[in-house]
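What the coordinates show
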Amino acid sequence: WGRLCLRQGDPETAQVWFARASDILIEEQTEEKQYKRDIVGLKYWQAVCQFDKQQLSQAKSLFQQVKDEGHGIGWQRAINYAQNWLADIAIEKGELDTAEQLLRTGLPVAERNKDKRRIAHYKRSYTYLELKRGNLVEARHWAEVALDEYDRLGMQPQIEELEELLQRQLNYEKS
């Protein structure tokens with residue numbers, strides 16, 4: 001339910017559902033490896049909620065925990081997803097060198113794993129990095145590449161986000 005609330009743009013209610021899920025995880029006795037994976041997954045979604053509420057310090061802390069704990073259990077996908085979000089947070093905070101380093105190391109991992117959704121997200125993040133740097137030509141390039149990826153995946157909200165960005169910020173006319 002928490003993820004549905006996030007998709008509907010209600011991070012406050014999502015956070016309530018994730019808190020309930022956390023309580024349930026604590027109460028239930030599951031195998032340790034599965035428990036650790038469930039906790040990492042839950043922290044990931046709690047971090048997304050914090051990001052959506054623009055609580056960037058809390059989101060950063062949770063995503064860093066996801067990354068660290070993901071390393072501890074060997075969950076590469078969780079690490080790669082968290083790293084992309086950490087780059088987005090660094091971009092928001094103006095920590096552009098940090099963001100670039102996170103993107104530069106994370107995108108090849110997503111490509112190696114053929115994670116098409118994450119590849120598209122990394123490319124979107126590059127769009128915002130270059131936009132923040134004032135490199136409009138590079139930002140337009142990354143936006144077009146990410147838009148193509150999202151289009152192939154049918155990810156309509158992300159398509160609309162980038163089309164709006166292209167229209168508003170990058171003076172782009174759709175052919």
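Since this is a predicted model, take the numbers as computed values, not measurements.

**Some details on the overall build of the protein**
Looking only at helices and strands, the protein has 9 helices and 0 strands in total. Taken from the N to the C terminus, the helices and strands of the protein come in the order α-α-α-α-α-α-α-α-α. A sequence separation of at least 24 residues applies to 54% of the contacts in the protein between residues at least 6 apart. Carbon and sulfur atoms make up 47% of the accessible area of the protein, which totals about 10,000 Å².

**A few points about the nonpolar core**
Tyr44, Phe63, Leu103 and Leu129 are the most contacted members of the largest nonpolar core, which totals 31 residues. Going through the elements one at a time, α3 (32-52), α4 (56-73), α5 (76-92), α6 (96-112) and α7 (116-133) are the ones with two or more residues in this core. Here this core takes 9 residues from α5, the largest share from any one element. Other than its neighbours up to four places away in sequence, Leu103 contacts Asn84, Ala87, Ile91, Pro108, Tyr122, Ser125, Tyr126 and Leu129. Grouped together as the second largest cluster of nonpolar side chains are 12 residues, Ala146, Ile159, Leu162 and Leu166 included.

**Let's talk about the packing of α5 against α6**
In the contact formed by α5 and α6, the axes pass within 8 Å of each other and the chain directions differ by 155°. Classified by the angle between their axes, α5 and α6 sit roughly antiparallel to one another. The interaxial crossing formed by α5 with α6 has left-handed handedness. On α6, the residues touching Gln76, Asn80, Gln83, Asn84, Leu86, Ala87, Ala90 and Ile91 of α5 are Leu96, Thr98, Ala99, Leu102, Leu103, Thr105, Gly106, Val109 and Ala110. Counted by class, the contact of α5 with α6 contains 10 nonpolar, 7 polar and no charged residues.

**Considering the confidence of the model for the protein**
Close reading of the predicted structure is inappropriate where its pLDDT is low. Per-residue pLDDT for the protein averages 88, and the proportion of residues at 70 or more is 84%. Across the protein, the element-wise mean pLDDT spans from 64 in helix α1 (residues 2-7) up to 98 in α6.

**Considerations on the pattern of salt bridges**
All chains considered together, the criterion is met by 10 salt bridges. Here Glu130 makes a salt bridge to Arg133, at a shortest N to O gap of 3.6 Å. Of this pair, Glu130 and Arg133 both sit in helix α7, 3 residues apart, which is roughly one turn of that helix. A residue is classified by how much of its surface remains accessible, and Glu130, at 9% relative accessible area, is buried. Salt-bridge contacts for Arg152 lead to Asp148; the nearest nitrogen and oxygen are separated by 2.4 Å. On the criterion of helical spacing, the pair formed by Arg152 and Asp148 is a turn pair, its members being 4 residues apart in helix α8 (residues 136-153). According to the relative accessible area criterion, Asp148 is partly exposed, its value standing at 38%. If you follow the salt bridges from partner to partner, you end up with Asp97, Glu100, Arg104, Glu130 and Arg133 in one network.

**Observations regarding unusual backbone geometry**
At Gln54, a residue that is not glycine, the phi angle is positive and equals roughly 60°. Take Gln54: it is sitting in the loop between α3 and α4. For Gln54, a relative accessible area of 46% gives the class partly exposed.

**Comments concerning α7**
Taking 1.5 Å per residue as the helical rise, α7 with its 18 residues ought to reach 26 Å, and the 26 Å between its terminal C-alpha atoms agrees with that figure. Burial within α7 is extensive, with 13 of its 18 residues counted as buried. Trailing α7 by a residue or two, Gly134 shows a phi angle of about 85°, which is positive.

**Quick word on the side chain of Gln83**
Within the secondary structure, Gln83 sits in helix α5. If sequence neighbours within four positions are ignored, Gln83 has contacts with Lys67, Leu102, Thr105, Gly106 and Tyr122.

Cut-offs used in this document
- Residues numbered from 1 in each chain as written.
- Predicted model: local features only at pLDDT ≥ 70, side-chain atom pairs only at ≥ 80, totals over all residues.
- Heavy atoms only, no water.
- Helix = DSSP H or I, 4+ residues; strand = E, 2+ residues; numbered from the N terminus.
- Contact = heavy atoms within 4.5 Å.
- Areas by Shrake-Rupley, 256 points an atom, 1.4 Å probe, with all protein chains shown as cover.
- Core = buried A, V, L, I, M, F, W, Y, C linked by side-chain atoms within 4.5 Å.
- Buried < 20%, exposed > 50% of the residue type's maximum accessible area, 1.4 Å probe, protein only.
- Axes fitted to C-alpha atoms, helices over the stretch in contact; angles between N-to-C directions.
- Parallel < 35°, antiparallel > 145°, perpendicular 65-115°, else oblique.
- Left-handed = near helix turned anticlockwise from the far one by under 90°.
- Nonpolar A, V, L, I, M, F, W, Y, C, P; charged D, E, K, R; others polar.
- pLDDT = per-residue confidence, 0-100.
- Salt bridge = Lys/Arg side-chain N within 4 Å of Asp/Glu carboxyl O.
- Expected span 1.5 Å × (residues − 1).

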